[in-house]
There are 4 protein chains.
Amino acid sequence: MNISAETIANFNQSSLINHQRQFEFLANQLEQKGIGVETVVERLRQFQVTVPSWALGTGGTRFGRFAIGGEPRNLSEKIEDVGLLHRFTGNNEAISLHIPWDQTNDYLAIQQLAQQRNIRFDAINSNTFQDQPRQKHSYKFGSLSHTQAEVRQQAIDHHLEVIKIGKELGSKALTLWLGDGSNFPGQVNFRKALERTEASMQEIYAQLPSDWQLLIEYKPFEPAFYSMIIPDWGTALMLCQSLGEQANVLVDLGHHLPNTNIEQIVARLLGVNRLGGFHFNDSHYADDDLTTGAIKPYRLFLIFCELVNGVTQAADLSNGQLAWMIDASHNTKDPLEDLLQATEGILIAYAQALLVDQSALEAAQENNEVTLAQEILQTAFRTDVRPLLAEARYRNGAGLYPLQLFRDLDIRQTLIQARGSASRATGL
Amino acid sequence: MNISAETIANFNQSSLINHQRQFEFLANQLEQKGIGVETVVERLRQFQVTVPSWALGTGGTRFGRFAIGGEPRNLSEKIEDVGLLHRFTGNNEAISLHIPWDQTNDYLAIQQLAQQRNIRFDAINSNTFQDQPRQKHSYKFGSLSHTQAEVRQQAIDHHLEVIKIGKELGSKALTLWLGDGSNFPGQVNFRKALERTEASMQEIYAQLPSDWQLLIEYKPFEPAFYSMIIPDWGTALMLCQSLGEQANVLVDLGHHLPNTNIEQIVARLLGVNRLGGFHFNDSHYADDDLTTGAIKPYRLFLIFCELVNGVTQAADLSNGQLAWMIDASHNTKDPLEDLLQATEGILIAYAQALLVDQSALEAAQENNEVTLAQEILQTAFRTDVRPLLAEARYRNGAGLYPLQLFRDLDIRQTLIQARGSASRATGL
Amino acid sequence: MNISAETIANFNQSSLINHQRQFEFLANQLEQKGIGVETVVERLRQFQVTVPSWALGTGGTRFGRFAIGGEPRNLSEKIEDVGLLHRFTGNNEAISLHIPWDQTNDYLAIQQLAQQRNIRFDAINSNTFQDQPRQKHSYKFGSLSHTQAEVRQQAIDHHLEVIKIGKELGSKALTLWLGDGSNFPGQVNFRKALERTEASMQEIYAQLPSDWQLLIEYKPFEPAFYSMIIPDWGTALMLCQSLGEQANVLVDLGHHLPNTNIEQIVARLLGVNRLGGFHFNDSHYADDDLTTGAIKPYRLFLIFCELVNGVTQAADLSNGQLAWMIDASHNTKDPLEDLLQATEGILIAYAQALLVDQSALEAAQENNEVTLAQEILQTAFRTDVRPLLAEARYRNGAGLYPLQLFRDLDIRQTLIQARGSASRATGL
Amino acid sequence: MNISAETIANFNQSSLINHQRQFEFLANQLEQKGIGVETVVERLRQFQVTVPSWALGTGGTRFGRFAIGGEPRNLSEKIEDVGLLHRFTGNNEAISLHIPWDQTNDYLAIQQLAQQRNIRFDAINSNTFQDQPRQKHSYKFGSLSHTQAEVRQQAIDHHLEVIKIGKELGSKALTLWLGDGSNFPGQVNFRKALERTEASMQEIYAQLPSDWQLLIEYKPFEPAFYSMIIPDWGTALMLCQSLGEQANVLVDLGHHLPNTNIEQIVARLLGVNRLGGFHFNDSHYADDDLTTGAIKPYRLFLIFCELVNGVTQAADLSNGQLAWMIDASHNTKDPLEDLLQATEGILIAYAQALLVDQSALEAAQENNEVTLAQEILQTAFRTDVRPLLAEARYRNGAGLYPLQLFRDLDIRQTLIQARGSASRATGL
């Protein structure tokens with residue numbers, strides 16, 4: 001399915017005058033405060049959030065899954081869907097694959113399709129938390145941390161295969177999330193299990209192309225409910241430091257214990273130059289995998305404040321240093337709509353963070369002006385930045401209001417007609 | 001599969017002398033402190049913990065499931081498995097069914113099989129958190145709370161069907177757990193959704209046999225990740241009070257927010273005479289569904305202290321007032337071994353609670369003797385009560401050490417040979 | 001200290017033109033969407049948030065307290081400070097007293113001063129969580145729940161005294177928060193302690209003037225660290241229902257376990273007509289007592305969405321049905337600045353909630369349009385409502401930008417000069 | 001106050017026969033399983049738990065403090081109290097001081113008193129979380145992390161002074177816990193604040209005697225409620241690695257977010273050889289500072305399992321490698337009784353951990369025998385080890401049952417008579 005530039009232009013036309021009025025008013029207000037609006041809009045145009053292949057279909061819980069229909073039936077259709085999202089937003093130019101869910105016979109064809117849709121391949125993901133039909137050894141009791149050398153070797157080989165696929169497609173990073181852990185005290189020797197994991201990772205790292213990153217994810221619980229082999233950023237950092245400079249920590253927003261100050265972790269990792277990227281989602285309780293910004297938008301803003309302040313003086317988050325990926329589970333919403341909302345939520349947080357008066361903030365911090373520091377952040381957060389996003393999209397030739405466009409064009413019905421109502425995307 | 005009394009007697013014989021030495025020494029020590037050991041042993045003999053039909057096979061998470069083999073393929077085999085457990089422990093005389101997972105054509109045959117194995121049918125469970133193949137309306141957006149009357153009616157009808165099946169089998173309670181809720185702010189009108197739920201429940205309650213209980217379960221999250229329709233004991237109690245005297249609250253130990261004082265909730269519900277029973281499991285993080293007593297055994301003991309103190313002066317928890325059920329998910333252990341460990345964990349907590357010097361505790365409480373109150377509880381908890389459990393089992397004709405018996409007899413291998421290694425029990 | 005109308009007018013004058021441009025642009029945009037801006041501004045003008053007398057000075061933790069200077073030294077100066085805040089915001093017309101911290105000899109003089117400053121007396125608070133110098137019995141082991149009748153009687157008498165003072169001053173509510181609880185399992189008999197508490201409360205309730213409310217607060221922990229006598233809304237509701245129609249539940253935002261969905265609790269209490277009011281603050285971890293809206297502004301907005309939707313069709317929260325109070329601890333900020341920020345945060349949340357398209361939301365909920373429901377809420381939340389607040393204040397004769405005004409006038413220095421840098425307000 | 005050996009012997013005499021019967025029966029049972037009981041008893045005799053000087057008086061919360069009377073009025077009396085505890089238990093031979101709370105004029109006299117009572121000085125603690133009367137700069141906005149160099153220097157100087165005092169007394173470690181942090185987003189630049197902290201610590205570390213350890217404590221919140229400068233073990237480890245080999249992480253059991261798996265952190269720190277020691281306490285909600293083992297005794301056992309397995313093959317935790325300290329707040333119990341219960345709780349956990357069949361556990365882990373691994377741990381935990389503790393104390397010439405001895409001798413009354421009922425120990 002493809003949407004023409006003309007379709008989008010037509011849609012934009014109907015809202016254009018009002019948008020421009022809003023944008024101009026806001027730009028004027030911001031310029032009065034010394035904010036370079038053009039730079040902000042340019043940053044928003046450049047910023048790209050990767051879509052995970054496994055989030056294009058309906059997600060589920062252990063209790064059930066309620067399909068929506070029209071889900072992509074294969075990798076080609078997934079790329080089409082990401083192409084569609086990118087057409088609408090101008091901010092989703094990459095897809096992140098998951099092996100074996102996205103395994104295919106002809107990666108060349110896939111690459112050609114992607115080029116045609118202006119989609120590139122971001123970090124590629126492995127899977128050793130499930131058993132596959134013809135798999136020799138089971139991962140029931142772990143993969144890279146398993147007590148038996150042959151199971152670890154199988155898991156290492158899988159990762160090398162994933163790297164090989166990634167190379168064919170032009171990926172530049174391998175994301176490694178392990179479900180390894182234990183459900184009961186005593187089940188696992190914590191220290192030995194980590195040593196085995198480290199040794200396994202070293203074998204994978206040794207095969208990592210020199211222009212790749214290894215992104216290591218941490219998670220406190222689920223699927224293991226007593227201990228996870230990499231439960232926290234401290235352990236992930238330990239492993240990265242042991243592996244080498246190409247290994248960095250990936251922060252999944254849902255992978256933290258209750259009340260964790262995530263933005264401080266982001267600052268810590270930036271401080272030792274080991275932040276690798278993000279899996280964006282939101283949560284109220286655990287790894288809920290809800291739409292980013294749907295539950296705690298201020299937290300998302302604070303994370304972007306750390307990034308804008310910490311990544312570079314120029315606040316340009318599109319320089320390739322970090323990987324930006326959505327990782328949510330669309331259980332009750334239309335997955336594509338959910339991804340549009342997530343992209344919007346992320347861009348809003350970034351735009352707000354770009355509005356923070358950095359020099360005033362720095363002065364307030366130096367002088368311990370607590371009230372003022374809060375005021376500076378909230379002034380940025382309370383600003384309605386939606387006209388800035390719309391303008392960035394407009395200049396990118398994308399939709400002024402992507403979600404409305406998606407609905408006006410009745411995309412879901414078109415997809416259901418094309419793919420059927422029982423189509424099911426691979427994933428969880 | 002059936003184990004003869006002789007097999008058990010032979011097994012017991014080998015450990016008997018040492019057991020008796022341990023039991024006598026302990027009994028003597030306890031009698032010196034004025035504890036009536038015979039009464040304690042008798043209570044342990046009487047206490048029965050129901051096994052859920054859905055926990056006889058391997059459990060899983062949304063990330064995967066790793067089967068063990070030899071799982072029961074139908075309801076008959078489930079009853080056989082519970083029969084086996086009861087043979088080993090003497091404390092598992094009932095099974096709790098789940099409809100439609102346990103739906104069958106011939107309930108009479110099932111009942112006969114159960115009688116033959118000395119198994120009775122405890123509370124029966126409904127399921128409106130999943131869609132079934134030929135179901136007319138989807139529960140994607142709720143069941144008893146759904147905005148559309150026809151979906152609610154379908155869910156009501158399902159519950160009436162479940163009651164009907166329960167009546168055929170001799171159940172005396174319906175357990176109602178709803179997955180209804182919302183994933184995002186705004187999705188659901190909290191008040192209206194509860195009103196609809198209440199109205200739906202009233203229709204079910206109206207059809208409840210007069211000697212039945214309706215057990216209402218609460219849970220703060222999962223499968224819904226923003227709001228659950230019955231998130232806490234307060235809401236569950238509200239509904240019970242609205243329905244009538246046959247409605248009571250069921251406490252699932254894993255269904256609480258972090259740091260909740262569950263034993264106090266138990267006391268609250270006992271205080272208003274609305275405690276209906278338990279789903280036993282243990283957890284470190286969320287609804288982890290681990291083996292009861294495997295993570296926080298002291299908490300389990302404290303819950304039993306409330307029960308022993310609150311249910312009846314005579315501390316007899318087997319009087320039918322409350323429903324005692326295991327509800328765990330056996331992801332990495334042999335399900336039957338796990339159930340044996342759970343039963344042991346529960347009985348240990350009960351035995352310890354029976355050793356609490358109630359009059360000394362009451363005096364310490366009256367006088368605000370904090371140190372002493374802790375000392376009294378911990379004196380009971382620190383006692384090694386395993387000989388009391390073994391004695392109770394011995395007198396019941398069950399195994400002195402059920403888990404060891406299970407392993408010595410190589411039950412799992414026998415089951416795999418009989419049922420195959422790919423057999424899969426219905427459940428999550 | 002008093003600020004003249006002229007001073008405020010002068011301050012406003014300098015920002016007026018830009019404010020009016022902002023307000024008109026926003027009003028125009030909102031009117032296009034069918035929102036009655038005048039009604040919204042009117043509601044914001046009417047809405048009054050009470051200032052607690054104990055939050056006018058520096059707060060502390062158990063580890064220390066760092067005073068700021070210029071703190072009010074007596075009740076008169078506290079009333080002056082609230083008068084000042086109200087002059088600045090137009091939204092702080094009431095003070096909430098705390099006995100014995102605000103005990104004085106001449107309540108008539110106090111009342112006259114308050115009238116002169118246009119300040120009224122909102123709910124009055126008792127204190128049985130501390131021992132006072134000449135107190136006969138200690139509250140170390142509880143007050144209304146104490147095992148000894150004479151301690152309970154002393155605590156009851158204290159509450160009757162508090163009511164008496166409140167009557168003299170024109171209060172219409174008694175707020176009851178108990179520190180009673182236990183630190184160790186076994187210390188307290190949960191059921192008996194609640195029964196004693198209920199009986200004590202009944203004696204207090206019997207003396208409550210017929211036009212008063214009794215506001216009952218709950219809290220899961222601190223100062224007791226194992227159990228609190230009223231740990232949750234369920235227990236608070238139980239007590240209210242036992243007492244009578246004048247008893248309602250007060251929700252302190254910081255008094256919840258991790259991850260609690262507070263807005264759902266608000267809806268539950270509204271549903272049974274037992275919501276009494278709020279103690280506003282914000283928290284990241286526990287009862288942190290931070291500035292409302294400083295940590296989780298979206299949550300505050302969601303709570304106001306429930307209120308706007310649930311209290312009345314007309315969304316008028318100033319009808320006296322509910323009590324609105326700040327309850328924060330100003331450890332590192334200037335207390336008065338902090339209260340200005342809190343008031344702003346609360347008004348922003350209310351304004352955003354007033355912008356929610358209620359009929360569109362209701363339709364989305366009825367049709368389970370999850371994406372749309374989120375969009376409707378976030379459209380309101382993302383709107384920059386600050387010009388509406390400024391306009392409401394302007395029309396009230398208050399400051400367009402209260403915090404800036406406070407700083408421009410150098411109020412803190414003036415207060416320090418008048419009261420000294422070592423002055424210390426009563427409170428925590 | 002001093003208790004003679006004869007007094008203790010008399011007390012022991014009355015219970016001796018029954019104790020010996022219990023010990024012999026247990027020893028016999030354990031020996032049958034191949035456990036070297038004599039070694040276990042010897043380890044329990046050697047194990048020493050340090051008493052903090054600040055926990056000898058009543059503790060409080062920010063809401064209040066309820067004194068007990070008879071509290072030590074100066075450092076001499078604190079040493080007397082620890083001497084008393086050690087006399088009773090044989091397991092409390094050291095005191096941990098806190099400066100300036102324990103500042104005195106004559107450290108020589110103090111040292112002599114300590115020698116006389118067989119008490120040594122363990123790690124010494126600094127205090128930069130409070131302002132002292134004649135202090136030049138305030139720590140309101142931090143100490144070692146403060147933005148101003150002169151405040152940092154003052155805090156550094158304080159630590160050098162603390163080291164000097166510690167050297168005079170024979171301490172071998174400095175414990176560093178910082179209250180530095182922030183209450184609001186934006187208040188502090190996370191990265192710069194950590195850099196400043198690190199630089200300050202380097203100046204302290206440079207003056208650390210070569211046979212000393214620097215113990216760095218982490219804590220997620222309180223007294224700062226948005227961010228703490230060292231919130232987690234990851235940050236503490238970072239700092240230790242930056243400082244050098246004498247810096248190690250101290251684990252305070254109450255300093256973790258909800259649901260944290262502490263025993264895994266212990267294993268992580270052991271794995272990189274950076275575990276420095278413990279502050280023992282227990283908690284239900286936050287940093288509750290309750291008696292160790294009073295809330296989660298199984299967790300304490302699991303921590304000792306990691307220690308026994310990880311510190312040394314010989315499982316000897318008394319080799320000086322780690323620092324063992326109690327750090328609790330005695331708000332409602334007699335502080336001395338509470339310390340006796342804490343010591344008992346710790347020793348019980350250690351004894352249970354010593355009973356774990358390490359080779360069986362290792363085999364179960366290697367073979368992923370989950371059920372068996374749990375069984376092995378619980379077999380040890382369920383053993384009633386109290387006779388082993390009593391025997392160790394008996395052989396040490398201490399009391400068989402210290403708490404009972406304390407009560408029989410009516411120590412608290414004696415102390416109140418000697419020191420008055422209004423005496424107040426320094427501390428929180």
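Novice: Where do I start with the overall build of chain A in this structure?
Specialist: Assigned secondary structure in chain A consists of 15 helices and 13 strands. For a compact globule of 428 residues, the expected C-alpha radius of gyration is about 22 Å, and chain A comes in at 22 Å, within 12% of that figure. For chain A, the C-alpha atoms occupy an extent of roughly 65 × 60 × 40 Å along the three principal directions.

Novice: Help me understand the packing of helix H5 (residues 149-169) of chain C against helix H6 (residues 190-206) of chain C in this model?
Specialist: The packing of two helices is summarised by the inter-axis angle and the distance between the axes. All names here are of chain C. Viewed as axis vectors pointing N to C, H5 and H6 meet at an angle of 35 degrees, and their least axial separation amounts to 9 Å. Between H5 and H6 lies a crossing whose hand is right-handed. Where H5 approaches H6, its residues Arg152, Ala155, Ile156, His159 and Leu160 are matched on the opposing element by Arg196, Ser200, Glu203 and Ile204. Here the contact of H5 with H6 is composed, by residue class, of four nonpolar, two polar and three charged.

Novice: What should I look at first to understand the interface of chain C and chain B in this one?
Specialist: Many structure descriptions define interface size as the accessible area lost when the parts assemble. Taken together, the contact pairs 41 residues of chain C with 41 residues of chain B. Going through the elements one at a time, H6, helix H7 (233-243), helix H8 (262-271), helix H9 (297-310), helix H11 (358-366) and helix H12 (370-382) of chain C are the ones with two or more residues in the side of chain C that touches chain B. Classifying every residue of the side of chain C that touches chain B by side-chain character gives 19 nonpolar, 17 polar and five charged.

Novice: How should I be thinking about the sheet that holds strand S7 (residues 173-176) of chain C in this particular structure?
Specialist: Remark on secondary structure: sheet strands pair via backbone hydrogen bonds, oriented parallel or antiparallel. Residue and element names in this part refer to chain C. If you walk across this open sheet you meet the six strands as S6-S7-S9-S11-S12-S13, and the pairing is parallel. For this open sheet the edge positions go to strand S6 (124-125) and strand S13 (323-326), each flanked by a neighbour on one side alone. Helix-sheet contacts for H7 involve strand S9 (213-217) and strand S11 (247-252), and the interaxial angle to S11 is about 160 degrees.

Novice: Explain the pairing of S9 of chain C to me, please; I cannot follow it from the model alone.
Specialist: Side-chain direction in a regular strand flips from residue to residue, so the side chains alternate between the two faces of the sheet. All names here are of chain C. Burial within S9 is extensive, with five of its five residues counted as buried. Residue alternation in S9 divides its side chains into two sets, Gln213, Leu215 and Glu217 and Leu214 and Ile216, and both sets are buried. Sheet topology note: the S9/S11 ladder contains four bridges and is parallel. Looking at S11, one finds that Glu217 is bridged to Leu250.

Novice: Explain the relation of the copies chain C and chain B here, please?
Specialist: Note that the two copies of the chain are related through a rotation about an axis and a translation along the same axis. Here chain C sits on chain B after a turn of 180 degrees about the axis and a move of 0.0 Å along it, with an RMSD of 0.0 Å. Taken together, the rotation angle and the small translation identify this as a two-fold axis. Considering only C-alpha atoms, the residue of chain C closest to the rotation axis is Gly234 of chain C, which sits at 2.1 Å. Taken as a fraction of all interface residues of chain C, those also at the interface in chain B reach 100%, which identifies the copy contact as same-surface.

Novice: Help me understand the relation of the copies chain A and chain D, please; the structure alone is not making it clear to me.
Specialist: Structural alignment of chain A on chain D gives an RMSD of 0.0 Å, achieved by rotating through 180 degrees and translating 0.0 Å along the axis. In this assembly the copies share their binding face: 100% of the residues contributing to the interface of chain A also contribute to that of chain D.

Novice: Please explain the interface of chain A and chain D as it appears in this structure.
Specialist: Counting residues at the interface gives 41 residues for chain A, matched by 41 residues for chain D. When contributions to the side of chain A that touches chain D are tallied by element, the ones reaching two or more residues are helix H6 (190-206), helix H7 (233-243), helix H8 (262-271), helix H9 (297-310), helix H11 (358-366) and helix H12 (370-382) of chain A. Among the residues making up the side of chain A that touches chain D, the classes are represented as 19 nonpolar, 17 polar and five charged.

Novice: Any chance you could explain the packing of helix H4 (residues 107-116) of chain D against helix H5 (residues 149-169) of chain D here in plain terms?
Specialist: Residues and elements named next belong to chain D. Two elements in contact, H4 and H5, have axes whose closest approach is 9 Å; the angle formed by their N-to-C orientations is 45 degrees. In this view, H4 runs oblique relative to H5, as classed from their interaxial angle. In this structure, the crossing between H4 and H5 has a hand that is right-handed. On H5, the residues that touch Tyr107, Ile110 and Gln111 of H4 are Ile165, Glu168 and Leu169. Here the residues of the contact of H4 with H5 sort into four nonpolar, one polar and one charged.

Novice: When you look at the environment of Asp81 of chain C in this model, what are you seeing that I'm missing?
Specialist: Residue and element names in this part refer to chain C. Structurally, the position occupied by Asp81 is in helix H3 (residues 75-89). Spatially, the C-alpha atom of Asp81 lies 7.7 Å from that of Met1, the residues being 80 residues apart in sequence. With residues up to four places along the chain from it excluded, the contact list for Asp81 reads Leu56, Pro72 and Leu336.

Novice: What should I look at first to understand unusual backbone geometry in this one?
Specialist: Looking along the chain, the bond that leaves Ile99 of chain D and enters Pro100 of chain D is cis, with omega of 15 degrees. Assignment of secondary structure puts Pro100 of chain D in the loop between strand S4 (94-96) and H4. Between Glu222 of chain D and the following residue, Pro223 of chain D, the backbone shows a cis peptide bond with an omega angle of 15 degrees. One can find Pro223 of chain D in the loop between strand S9 (213-217) and strand S10 (227-228). In this model, Asn259 of chain C sits at a positive phi of 75 degrees, which is unusual for a non-glycine residue. Within the fold, Asn259 of chain C resides in the loop between S11 and H8. For Asn259 of chain C, a count of 19 C-beta atoms within 10 Å corresponds to the partly exposed category. Phi is positive for Asn368 of chain D, close to 55 degrees, though the residue is something other than glycine.

Novice: Just to check I follow, could you spell out H5 of chain D for this structure?
Specialist: Owing to its 3.6 residues per turn, the α-helix brings residues three or four apart onto one side. With 21 residues, H5 of chain D extends 30 Å from end C-alpha to end C-alpha; this agrees with the ideal 30 Å at 1.5 Å per step. Buried residues along H5 of chain D sit in contact with strand S6 (124-125), strand S7 (173-176) and helix H6 (190-206) of chain D.

Novice: I keep staring at H7 of chain C and nothing clicks. Help me out?
Specialist: Burial analysis of H7 of chain C places eight of its 11 residues in the buried class, the great majority of the element. Every buried residue of H7 of chain C is listed here: Trp233, Gly234, Thr235, Ala236, Leu237, Met238, Leu239 and Cys240 of chain C. Contacts from the buried residues of H7 of chain C go to helix H7 (233-243) and helix H8 (262-271) of chain B together with H6, S9, S11 and H8 of chain C. Immediately downstream of H7 of chain C, the backbone of Gly244 of chain C shows phi near 145 degrees, a positive value.

Novice: Any chance you could explain the pairing of S7 of chain C here in plain terms?
Specialist: All names here are of chain C. Every second residue of S7 is oriented toward a common face, with Ala173 and Thr175 on one face and Leu174 and Leu176 on the other, all of them buried. Relative to S7, S6 is paired through two bridges, and the arrangement is parallel. Across the sheet, the residue bridging to Asn125 is Thr175, located in S7. Tracing the backbone out of S6, into H5 and back to the parallel element S7 gives a crossover that is right-handed. Relative to S9, S7 is paired through four bridges, and the arrangement is parallel. Within S9, the residue paired with Leu176 across the bridge is Ile216.

Novice: I'm lost on the environment of Gln321 of chain C in this one. Help?
Specialist: Residues and elements named next belong to chain C. Structurally, Gln321 is set in the loop between H9 and S13. The partly exposed category is assigned to Gln321, around which 16 C-beta atoms lie within 10 Å. Residues Gln321 and Gln213 lie 108 residues apart in sequence; the distance between their C-alpha atoms is 9.9 Å.

Novice: Where do I start with the sheet that holds strand S5 (residues 120-121) of chain D in this structure?
Specialist: Residue and element names in this part refer to chain D. Spatially, S1-S4-S5 is the arrangement adopted by the three strands of the open sheet, whose pairing is parallel. Of all the strands in the sheet, just strand S1 (51-52) and S5 have a single pairing partner and so form its edges. As paired strands, S4 and S5 are joined by two bridges and run parallel to one another. Paired with Ile95 across the strands is Phe121, a residue of S5.

Novice: What exactly am I supposed to notice about the environment of Ile163 of chain D here?
Specialist: Mapped onto the elements, Ile163 of chain D comes out in helix H5. Separated by 64 residues in sequence, Ile163 of chain D and Ile99 of chain D place their C-alpha atoms 9.9 Å apart.

Novice: Mind showing me how you'd approach the confidence of the model for chain A here?
Specialist: The predicted coordinates of low-pLDDT regions are not to be read in fine detail. Mean pLDDT over chain A: 96, with 99% of residues reaching 70 or higher. Overall fold confidence (pTM) sits at 0.98, and the ipTM for the predicted complex is 0.97.

Definitions and cut-offs
Residues numbered from 1 in each chain as written. Chains lettered and ligands numbered in written order. Predicted model: local features only at pLDDT ≥ 70, side-chain atom pairs only at ≥ 80, totals over all residues. Helix = DSSP H or I, 4+ residues; strand = E, 2+ residues; numbered from the N terminus. Rg over C-alpha atoms; globule rule 2.2 N^0.38 Å. Axes fitted to C-alpha atoms, helices over the stretch in contact; angles between N-to-C directions. Left-handed = near helix turned anticlockwise from the far one by under 90°. Contact = placed C-beta atoms within 7 Å. Nonpolar A, V, L, I, M, F, W, Y, C, P; charged D, E, K, R; others polar. Pairing = 2+ DSSP bridges. Buried ≥ 20, exposed ≤ 12 C-beta atoms within 10 Å, placed from the backbone. Least-squares fit on C-alpha atoms with pLDDT ≥ 70 in both. Parallel < 35°, antiparallel > 145°, perpendicular 65-115°, else oblique. Expected span 1.5 Å × (residues − 1). Right-handed = clockwise from strand over helix to strand, strands pointing away. pLDDT = per-residue confidence, 0-100.

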